[in-house]
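Residue-level listing of the chains:
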Amino acid sequence: MNQFLFGAMPYILLTIAVVGTIWRFTTNRYSWSSQSSQFLENKTLFFGSFPWHYGILTVLFFHILGFFIPSAILGWNAEPVRLYIFEIGGLSFGFLALFGLLMLIYRRLTNVRVKSVTSGWDVLVLIILIIQVVTGLGNALLYRWGSNWYAAAAVPWMWSVLSMSPEVGRVGNLPLITKAHIFNALIFFAFIPFSRLAHFVVINPYKYLWRPYQVVRWYSREPRTANIVQYK
Amino acid sequence: MDIRAQLSMSFHMDKCIGCHTCSVSCKNVWTTRRGAEYKWWNNVETRPGTGYPLTWEDQERYRGGWEVSGGSLRLKLLKGPGKIRSLANIFFQPNLPTVDDYYEPFTFDYQHLFNAPAGDDQPVARPKSLITGEFMEKVVLGPNWDDDMGGSPLYASNDPNLKGLSESQKELLTKFHKLFFFYLPRICNHCLNPACVASCPSGALYKRGEDGIVLLDQDTCRAWRFCVSACPFKKPYYNWATGKSEKCIFCYPRTETGQANACAHACTGRIRFVGLLFYDADRIEEVAKTPDERLVDAMRDIILDPCDPRVIEEAKKAGIEDNWIKAAQESPAYNLFKKWRIALPNHPEFRTLPMNFYLPPLSPILHNAKADTGGMFDPESTEFFTAIDKMRVPVRFLANMLSAGNEALILESLKKQLAVRMFIRQQRVGDVGDAAVKQALSAAALTPKDATDIYRLVSLGTFQERFVIPETHREIKSTVDPRTIFEKRGSIGFGSKKTEIITGRQW
Ligand code: SF4
Ligand code: SF4
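Bear in mind that the values here come from a model prediction, so they are computed numbers and not experimental data.

*Asks:* Which parts of the structure should I look at to understand the overall build of chain A?
*Replies:* Along chain A, the regular secondary structure elements total 10 helices and one strand. Taken from N to C terminus, the helices and strands of chain A fall in the order α-α-α-α-α-α-α-α-α-α-β. For chain A, the C-alpha atoms occupy an extent of roughly 60 × 45 × 40 Å along the three principal directions. Evaluated residue by residue, chain A yields a buried proportion of 47% over its 232 residues.

*Asks:* Sorry, what's going on with the interface of chain B and chain A here?
*Replies:* Where the parts come together, the accessible area they lose is often given as the size of the interface. Contact with chain B, which involves 72 residues of that partner, is made by 55 residues of chain A. When the buried surface of chain B facing chain A is broken down by residue, Phe91, Phe92 and Trp507 of chain B rank first, second and third, together holding 17% of it. Connecting chain B to chain A are three salt bridges. On inspection of chain B and its partner chain A, the count reaches 25 residue pairs in polar contact (both at pLDDT 80 or more).

*Asks:* How do you make sense of the nonpolar core when you look at a structure like this?
*Replies:* The nonpolar side chains of a soluble globular protein tend to be buried with one another. Formed by 158 residues in total, the largest nonpolar core has its most connected members in Tyr38, Trp240, Phe278 and Leu336 of chain B. It is helix 19 (residues 407-428) of chain B that provides the largest number of residues to this core, a total of 10 residues. Judged by nonpolar contacts, the second largest core, of 18 residues, contains Trp52, Leu104, Ile192 and Leu197 of chain A.

*Asks:* It is not clear to me how unusual backbone geometry should be interpreted in this structure. Could you clarify?
*Replies:* Cis geometry marks the peptide bond from Arg47 of chain B to Pro48 of chain B, where omega comes out at -5°. With respect to the secondary-structure elements, Pro48 of chain B resides in the loop between strand 2 (43-47) and helix 2 (59-62). Following Tyr52 of chain B, the chain continues into Pro53 of chain B via a peptide bond in cis, with omega recorded as -10°. Looking at the secondary structure, you find Pro53 of chain B in the loop between strand 2 and helix 2. Positioned with a positive phi, Met164 of chain A is a non-glycine residue whose angle comes to about 70°. Located in the positive-phi region is Ala445 of chain B, a residue other than glycine, with phi close to 55°. For Ala445 of chain B, a relative accessible area of 59% translates into the label exposed.

*Asks:* Looking at this structure, I do not really get the sheet that holds strand 15 (residues 357-359) of chain B. What am I missing?
*Replies:* Two pairing modes exist for strands in a sheet, parallel and antiparallel, and in both the strands are linked by backbone hydrogen bonds. All names here are of chain B. As summarised here, the arrangement of the five strands in space is 13-12-1-15-14, forming an open sheet in which the pairing is mixed. This sheet does not close on itself; its edge strands, each paired only once, are strand 13 (303-304) and strand 14 (344-345). With nine bridges connecting them, strand 1 (residues 3-12) and strand 12 (residues 272-280) associate as antiparallel partners. Bridging across to strand 12, Met9 finds its partner in Val274.

*Asks:* Where do I start with helix 13 (residues 309-317) of chain B in this structure?
*Replies:* Residues spaced three or four apart along an α-helix point in a common direction, a consequence of the helix completing one turn every 3.6 residues. Residues and elements named next belong to chain B. Among the residues of helix 13, Val311, Ile312 and Ala315 are the ones counted as buried. Down the axis of helix 13, the sector holding all buried residues measures 100°, keeping them to one side. Set apart from the buried face of helix 13 by more than 90 degrees, the exposed residues are Pro309, Arg310 and Lys317. Buried residues in helix 13 make contact with strand 1, strand 12, strand 13 and helix 14 (322-329). Residue Asp308 occupies the N-cap position of helix 13, its side-chain oxygen lying 2.9 Å from the main-chain nitrogen of Arg310. Phi for Gly319, located one or two positions after helix 13, is positive at around 85°.

Conventions and cut-offs
As a convention, each chain's residues are numbered from 1 in the sequence order in which they are written. In the order they appear in the text, chains get letters beginning with A and ligands get numbers beginning with 1. Predicted model: local features are reported for residues with pLDDT of at least 70 only, side-chain atom pairs are reported and counted for 80 or more only, and whole-chain, interface and lining totals are derived from all residues. Excluding hydrogens and water, the side-chain values take into account all heavy atoms of the structure. Each helix is a run of DSSP H or I of at least 4 residues and each strand a run of E of at least 2, with the numbering of both proceeding from the N terminus. With a 1.4 Å probe rolled over the protein chains alone, any residue whose accessible area is under 20% of its type maximum counts as buried; one over 50% counts as exposed, and the rest are partly exposed. By definition, residues are in contact when any of their heavy atoms lie within 4.5 Å. Defined here as a combined quantity, buried area equals the accessible surface (1.4 Å probe) lost by two parts on assembly, summed across both. What counts as a salt bridge is simple: a side-chain nitrogen of Lys or Arg found within 4 Å of a carboxyl oxygen of Asp or Glu. Counting of polar contacts relies on pairs of N or O atoms within 3.5 Å, with two restrictions inside protein: one atom must be capable of donating a hydrogen and the other of accepting it, and residues adjacent in sequence are counted only when both atoms are side-chain atoms. For the purposes of this section, nonpolar cores are sets of buried Ala, Val, Leu, Ile, Met, Phe, Trp, Tyr and Cys residues that join through side-chain atoms within 4.5 Å. Pairing between strands requires that DSSP locate at least two bridges from one strand to the other. Comment: arc refers to directions from the helix axis out to C-beta atoms.

This is the structure in structure tokens:
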């Protein structure tokens, strides 16, 4: 079972994510959107979208950091005080995200206008996200110290998967809730191309910071869509 | 000099009868889809009034347009440390108008009129929301809800352009026999310094180099909604069903083939003029930073004289074709805005350098003057021009709307229009007196030839004179296959490959 979930499924789900993303981007870029519904309702959204995004992005940032430099996390955590700060910090951002997510779900269930633009995919996405946040928080609360484990057990497993020789043993014996968290994360990846989660794979907003304000496209000049710098 | 061409529309406000033919023809061509029902790429507002969306001119609320801060030009939306702040608001935009600021799109349950069971009462068609499909208790707002409500304490007195008017002028709004109103038809201004383009994190909006039309790339838009907030004219609209923003496309599939835009073509009052302008793109930033008093003059400066041999030479160097140069030389936009100086941009103080121009309305003056002199207006009266100050529509109000508060520019335009009237009346009826006409013309700095030309264009203008739109050379530039134009009716006007009409979420 472990072999299947953490040895074979990662490849299937990650392939779906990569191939699906490329497929959707090349065949139907029009559908690539964050599907914002702020236009229809913007009061509850404020209490949902802000906490959710800032909470989850912070947590995600440290996951990514740990993925690339696990030693940084382990080194920081060597000192108990720093470990407490790190864990409590992570936990509070996790709760911030949970609060935001619950607001978003509440909004989607109660507002008729928002309901009318809700697709089945949106519901699935919300289910996946709530599972992910709850298992993550459960992990942090029930089994100390998640950040250490993550860096010591899960990250080597991830790298082993990427290097095509999955060491299932590294995660096979973790508690159920942790395994759920890891497996659900894989499902999350596989969902990216098939839902509004696609907006999560965006490269363009970051360009905004260094592009000139104005964009001009010429049809008669090459390259056709060059940005012409007018002023900064 | 970086010379570029710009298509521009002008509006003769005196002649607009508020019939909304333009809005309806635009809607029928482009925005009859689900998610777009509430959009009016072309809309006509009664002024004084609150407009559509409600009080769109109030930038304290919407933070659209630009401001000059510390000598540099900055989007108003980005109060704080520049672009970072903008991205920080990507998850929730504090200044975004919502559907309630426009109106909830509705239809009526007409079937009930046929299917209602027999009874004592006449069946009625109840309003139904086009968003939720549920019955609405009542319709509370529409795209022209304050139509003709010149004296309304609810709409007219909340017009943001009333700022700076004296109490007695504001009183005009409520006195039944003195109140005034006129119409303001609006489309996207296809600005030289578009705030919508500058605000888009995805870079989906762009200005076309060849004709200056500002478009929104549907494949790149990710629904960040910044353009909606940043445009001070609220002309990009968010499609709540498909999750993409859309905007007025200046009917480019039509203009590329030399046809007039749907709104302009349909205009019953024949108030619209479409023409080409040449401008110097190197000077955009400098012009956009000019202080309010000199802003309109700076905008006139950046427009180049298409008959100047040096400009023609530069234009050829920049790859502008001969038929475009010829069109620029016959351009009604150039004549109205720059040569005769009678047309003015809408809210230049937003600093987007809007490229649509308006002739301020004149008619109410004559009425007022008539009342003051107790009968026929006296064309010999030297009071005539001073009467402009006493006219029904306060100059201040027009200046707030059309010249960044510069009253002299409004007076200049009104005097010119009046002088043309006197000049023509003297020709036709002969009761004004040559001396008075001469004086009026010289006071307005017009030659008899100018006056004849103005009259010719704004009163008699044929289709060909009102719309001087050069065809695009399709062998070198192609954006849309002309054979698919009809299929594109009801679409967003985008993407030569896509023929189906998308009306909702795909994922
Ligand atoms: S009017 Fe608004 S949408 Fe149109 S170009 Fe100007 S800033 Fe952009
Ligand atoms: S069609 Fe012409 S006259 Fe009628 S409302 Fe529109 S701009 Fe005014």
